[in-house]
Amino acid sequence: MYMHTVGIRRYRFADLQTLLARASPERSGDQLAGVAASCAEERAAACLALAEVPLRHFLEQPLVPYEVDEVTRLILDSHDAAAFAPVASLSVGELRDWLLGPLADTAALAALAPGLTPEMVAAVSKLMRNQDLIAVARKCRVLTRFRTTIGLPGRLATRLQPNHPTDDPRGILAAVLDGLLQASGDAVIGINPASDSPAATRTLLGLLDDLRQAYQIPMQSCVLAHVTTQLRILEQEPAAPLDLVFQSIAGTEAANRGFGISLAVLQEALDAARSLRRGTLGDNVMYFETGQGSALSAEAHHGLDQQTCEARAYAVARRFEPLLVNSVVGFIGPEYLYDGKQIMRAGLEDHCCGKLLGLPMGVDICYTNHAEADQNDMDTLLTLLGVAGVNFIMGVPGADDIMLNYQSTSFHDAAYLRAVLGLRPAPEFEAWLQRLGILSADGCLTAPGPASPLLGYLAEAP
Amino acid sequence: MNADPWQSLRRFTTARIALGRAGHAVPVDEVLRFQLAHAQARDAVLQPLDFAPLAAGLHALGCNAVELHSQAADRAAYLKRPDHGRLLDAPSQARVAALRGTPAGSGELVFVVGDGLSAIAVAGQTLPLLAEALPRLAAAGIAVCPSVFLARQARVALADAVGECLGARLAVILIGERPGLSAPDSLGIYLTFAPQAGRQNAERNCISNVRTAGLSHAAAAVKLTWLAREALRLGLSGVELKDCSDAALPDGAMAAVLPAQ
């Protein structure tokens, strides 16, 4: 039982999950789940009570029972007590101040990450304003490598997302070339396939790998089919040219079961992809996507608020040393994040919480047409995340995904962010762009002429 | 403003490629085109559906329109609370109950028309679709309830509440789909055998993308008639009822209504 008294009103919170949920900034998904604060004063009182909770409580009181949930077991069994030591005596509120203070520099935050649990990070984020989420995330640095290096200071990578409603190879390649010619694709070129079949997945991987080899592009590719589909083609002879394994993940065992996965399946995929030894700079071979609300939509949230569930998904991601983790923040719809304000807050929370847990966080800054949001909201969140040091964002032609029917960030949006904040692509990719004359020596996009060698790739197509 | 020299790639995709650039930004023409497309999608979600022309059109098709409202009071509540959009409000519940057992409330199959997420889809596609579907259902010997229910702030499962109350064997809802930037007027059709509250999505069959540039009204009507007949024959709907309408119609009925590939 937790409580806080405001004047003559005493607010009681039956347990830690209730306290966390009531302390969460207002959002429609928590209201839909029936776990949100009933009024603004209750929310503020919950934050005051949460600030007093010792961090140790999160180790002693699992929010989802250890016996029934493998994510809880993963979190507690892999907790690093030595890394936790610098903050072990602090309360949640004290941790917020510590994170903003001079002791918490880049090295200290990296050393602390294995000592933090998702629940501690979710809790402290609820006491942080947007500027705190930006300032703390900016101090975190998470580097990952495959054929490019992602997460260096002063760099911003993009996932090139060339989707097509029928997986038409030429339609996909046209969007890929459009992106490459605008300096997009250094995080990954990743296709969401319209068909989840092993044959289609293999075809699309071949399409991207042929292009990569034709122009010696320092890049990695991915087809976002179900992990079991990707495993299937990894078992084929000869092995498919698969760089990164993709999977959507969530923060409870039951929600992951809804996705048709378990930790064991992800481990199998990690081992299979690493055994191909395709990475030249490193062996971060996993690409995960997450998003607040996924556990509730699978009715597997165990009474937790959606942001705490989301942070628990990062514990799943962390186990498999991913190259990229992408919070697809506005994709799920207004019943979980109602408007631009809620999407913006969630995007900043996800980025900061992921970074604190040691993850290479990117954000799909996006919305659907039934959400109260538009491109101006995306511009704002894009700028905020650029300042916060996001590892990567999406690159979708004209911001309009014609296969998934939602709006994300465009190649132009990435060019804007790089221009106003002085950010550059991943170094290996940048050098390639300069060799092809797509970027000038000082890092500006040039206007490539019709003689650009890339344009020859589809020239013979009918 | 720089034009991109790869505009010829546009013949391969409807994605917004080769837009050119003004500095780092999208040129103004495309910015405004995008803004217009988003405005149309937003209007599709937010504009209230005008029931009057639908009711008049239904009358001309020999049906009787009955207006209903879900428990979601307004659009904001509808968007935030999908659970409320699945339930009838009290006056609507009474209106449906009053028809139970009367000629106006009888029939094996009951149609519900819900605004869903696109009023313009429902306004544009409902009457042409029903004009194609009603004669085909009659020819298949399926008794359609003469009352067609027009429901505001409706989610798919609202049709189950109507069908259950009337004791219909099949409930079919025509509902506006979530609008995409390039397809704001797409209608979805969902069919449930033995409708009752609490049915899961896996227990329904869906026909989606009904619009002029998508699945034609005639093709959708053929599919719906086939699914309705099979659902009644097998006594089920959902994942166990596979849509084999293309193969199962011996007289080439689908070939006649589908555009040439």
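Data block above holds the structure.
Residues numbered from 1 in each chain as written. Chains lettered and ligands numbered in written order. Predicted model: local features only at pLDDT ≥ 70, side-chain atom pairs only at ≥ 80, totals over all residues. Heavy atoms only, no water.

Helix and strand counts for chain A stand at 21 helices and 14 strands. What you see for chain A is a C-alpha radius of gyration of 22 Å, in line with the 23 Å of a compact globule of 462 residues. Expressed as lengths along the three principal axes of its C-alpha atoms, the size of chain A is roughly 80 × 45 × 45 Å. Here chain A holds 462 residues, and the buried ones make up 63% of them. The contacts of chain A with a sequence gap of at least 6 include a subset with a gap of at least 24, amounting to 77%. Just so you have it, chain A exposes about 15,500 Å², and 52% of that area is on carbon and sulfur atoms. Each charge sign in chain A was given a centre, from 35 positive and 52 negative side chains, and these centres are 5 Å apart. (Helix = DSSP H or I, 4+ residues; strand = E, 2+ residues; numbered from the N terminus. Rg over C-alpha atoms; globule rule 2.2 N^0.38 Å. Buried < 20%, exposed > 50% of the residue type's maximum accessible area, 1.4 Å probe, protein only. Contact = heavy atoms within 4.5 Å. Areas by Shrake-Rupley, 256 points an atom, 1.4 Å probe, with all protein chains shown as cover. Lys, Arg positive; Asp, Glu negative; His and termini not counted. Charge placed at Lys NZ, Arg CZ, Asp CG, Glu CD.)

A word on the nonpolar core. In terms of nonpolar packing, the biggest core is built from 160 residues, with L50 and L180 of chain A touching the most fellow members. In contact with L180 of chain A, other than residues within four places in its own chain, are L160, I189, L211, I217, F429, W432, L433, I438 and L454 of chain A. (Core = buried A, V, L, I, M, F, W, Y, C linked by side-chain atoms within 4.5 Å.)

Residues and elements named next belong to chain B. Relative to the elements of secondary structure, N205 occurs in strand 6 (residues 204-210). Look at N205 and you get buried, because its relative accessible area is 8%. Among the polar contacts made by the side chain of N205, one reaches the main-chain amide nitrogen of G238 at a distance of 2.7 Å. Side-chain polar atoms of N205 contact the backbone oxygen of L241, separated by 2.9 Å. If we ignore the near neighbours within four places in the chain, the residues touching N205 are I189, Y190, L191, L227, S237, G238 and L241. (Polar contact = N/O pair within 3.5 Å; in protein donor to acceptor, adjacent residues only side chain to side chain.)

Turning our attention to the packing of aromatic side chains. By the definition in use, this model includes 5 aromatic pairs over all chains. Between F331 of chain A and Y406 of chain A, the aromatic rings sit 4.8 Å apart at their centres with planes inclined by 85°, giving edge-to-face as the arrangement. A residue pair is termed long-range when its members are at least 10 positions apart, and F331 of chain A in the loop between strand 10 (324-328) and helix 18 (340-356) and Y406 of chain A in strand 14 (residues 406-407) qualify at 75 residues. The class for F331 of chain A is partly exposed, based on a relative accessible area of 30%. Owing to a relative accessible area of 2%, Y406 of chain A belongs among the buried residues under this scheme. Looking at R155 of chain B, its charged tip hangs above the ring of Y78 of chain B, at a distance of 4.2 Å from the centre. Taking NZ or CZ as reference, R178 of chain B lies 5.6 Å from the ring centre of F331 of chain A, over its face. (Phe/Tyr/Trp six-rings, centres within 6.5 Å; stacked < 30°, edge-to-face > 60°. Lys NZ or Arg CZ within 6 Å of the ring centre and 35° of its normal.)

With that settled, consider the sheet that holds strand 6 (residues 188-191) of chain A. Residues and elements named next belong to chain A. Pairing is parallel in the open sheet, where 8 strands are placed in the order 7-6-5-12-11-10-9-8. Since the sheet does not close on itself, it has two edges, and those belong to strand 7 (221-223) and strand 8 (245-248), each with one partner. Along the sheet, successive strands turn relative to each other by an average axial angle of 25°, direction set aside. Direction of pairing for strand 8 relative to strand 9 (residues 286-290): parallel, over a ladder of 4 bridges. Bridge pairing links S248 to E289 in strand 9. Contacting strand 5 (157-160) and strand 6, helix 11 (residues 169-180) crosses the sheet at an angle of about 165° to strand 5. (Pairing = 2+ DSSP bridges. Axes fitted to C-alpha atoms, helices over the stretch in contact; angles between N-to-C directions.)

Cis geometry is found at the peptide bond from E237 of chain A to P238 of chain A, where omega equals -5°. Not every positive phi belongs to a glycine, and Q216 of chain A is a case in point at roughly 50°. In this fold, Q216 of chain A is placed in the loop between helix 12 (198-215) and strand 7. Residue Q216 of chain A is classed as exposed on the basis of its relative accessible area, which comes to 58%. One non-glycine residue, Q153 of chain B, lies in positive phi territory at about 55°. Its location among the elements puts Q153 of chain B in the loop between strand 3 (147-152) and helix 6 (158-166).

Pairs may arise between side chains of opposite charge once their charged atoms sit close together. All told, the structure shown has 30 salt bridges over all chains when counted by the stated rule. The partner of R418 of chain A in a salt bridge is D186 of chain A, and the shortest N-O contact between them spans 3.3 Å. You can see R418 of chain A sitting in helix 20 (residues 411-421) and its partner D186 of chain A sitting in the loop between helix 11 and strand 6, a full 232 residues away along the chain. In this structure R418 of chain A comes out as buried when scored by relative accessible area, which is 10%. When the shortest N-O distance is used, the salt bridge between E230 of chain B and R233 of chain B registers 2.6 Å. Remark: R233 of chain B and E230 of chain B occur in helix 7 (residues 217-234); sequence separation between them is 3 residues, near one turn of the helix. Assessed through its relative accessible area of 59%, R233 of chain B is described here as exposed. (Salt bridge = Lys/Arg side-chain N within 4 Å of Asp/Glu carboxyl O.)

Residues and elements named next belong to chain B. Taken N-terminus to C-terminus, the directions of helix 2 (residues 51-60) and helix 5 (residues 119-139) make an angle of 5°; their axes are 10 Å apart at the nearest point. Our classification of the angle between helix 2 and helix 5 gives roughly parallel. Contact with helix 2, carried on its side by P53, L54, G57 and L58, involves V122, T126, L127 and L130 of helix 5 and no other residues of that element. (Parallel < 35°, antiparallel > 145°, perpendicular 65-115°, else oblique.)

This part takes up the pairing of strand 3 of chain B. Residue and element names in this part refer to chain B. When you tally the buried positions in strand 3, you get 5 out of 6 residues, the bulk of the element. Here strand 1 (residues 64-69) runs beside strand 3; their pairing, made up of 6 bridges, is parallel. Within strand 3, the residue paired with A65 across the bridge is V148. When strand 2 (residues 109-114) meets strand 3, the two strands line up parallel, connected through 3 bridges. The residue bridging V113 from the neighbouring strand is L150, located in strand 3. Note that the unit made of strand 2, helix 5 and strand 3 has a crossover that is right-handed. (Right-handed = clockwise from strand over helix to strand, strands pointing away.)

Right, let's talk about the environment of G179 of chain A for a bit. All names here are of chain A. Here G179 is to be found in helix 11. Look at G179 and you get buried, because its relative accessible area is 0%. For the pair G179 and T158, spaced 21 residues apart in the sequence, the C-alpha separation amounts to 9.8 Å. Every residue in contact with G179, bar those within four places of it in the chain, is listed here: L160, S184 and F411.

So, about the interface of chain B and chain A. In this complex, chain B contributes 36 residues to the contact, which on the side of chain A involves 47 residues. Taken over both partners, the interface formed by chain B and chain A buries close to 3,500 Å², and the fraction arising from carbon and sulfur atoms is 60%. When the area that chain B buries against chain A is broken down by residue, the three leading residues are W6, F12 and R178 of chain B, summing to 20%. In this assembly, chain B and chain A are joined by 2 salt bridges. Taking the shortest distance from any N to any O, the salt bridge between R16 of chain B and D400 of chain A comes out at 2.8 Å. Scanning the region where chain B abuts chain A turns up 10 residue pairs in polar contact (both at pLDDT 80 or more). (Buried area = accessible area lost by both parts, 1.4 Å probe.)

Residues and elements named next belong to chain B. The 6 strands lie next to each other as 1-3-2-4-5-6, forming an open sheet whose pairing is mixed. The two strands at the open ends of the sheet, each matched to only one other strand, are strand 1 and strand 6. Here the average twist between neighbouring strands, direction ignored, is 20°. Taken together, the 7 bridges between strand 4 (residues 170-176) and strand 5 (residues 187-193) define a ladder with antiparallel strand orientation. Bridge pairing in strand 5 places I175 opposite G188.

Geometry only, nothing functional implied.
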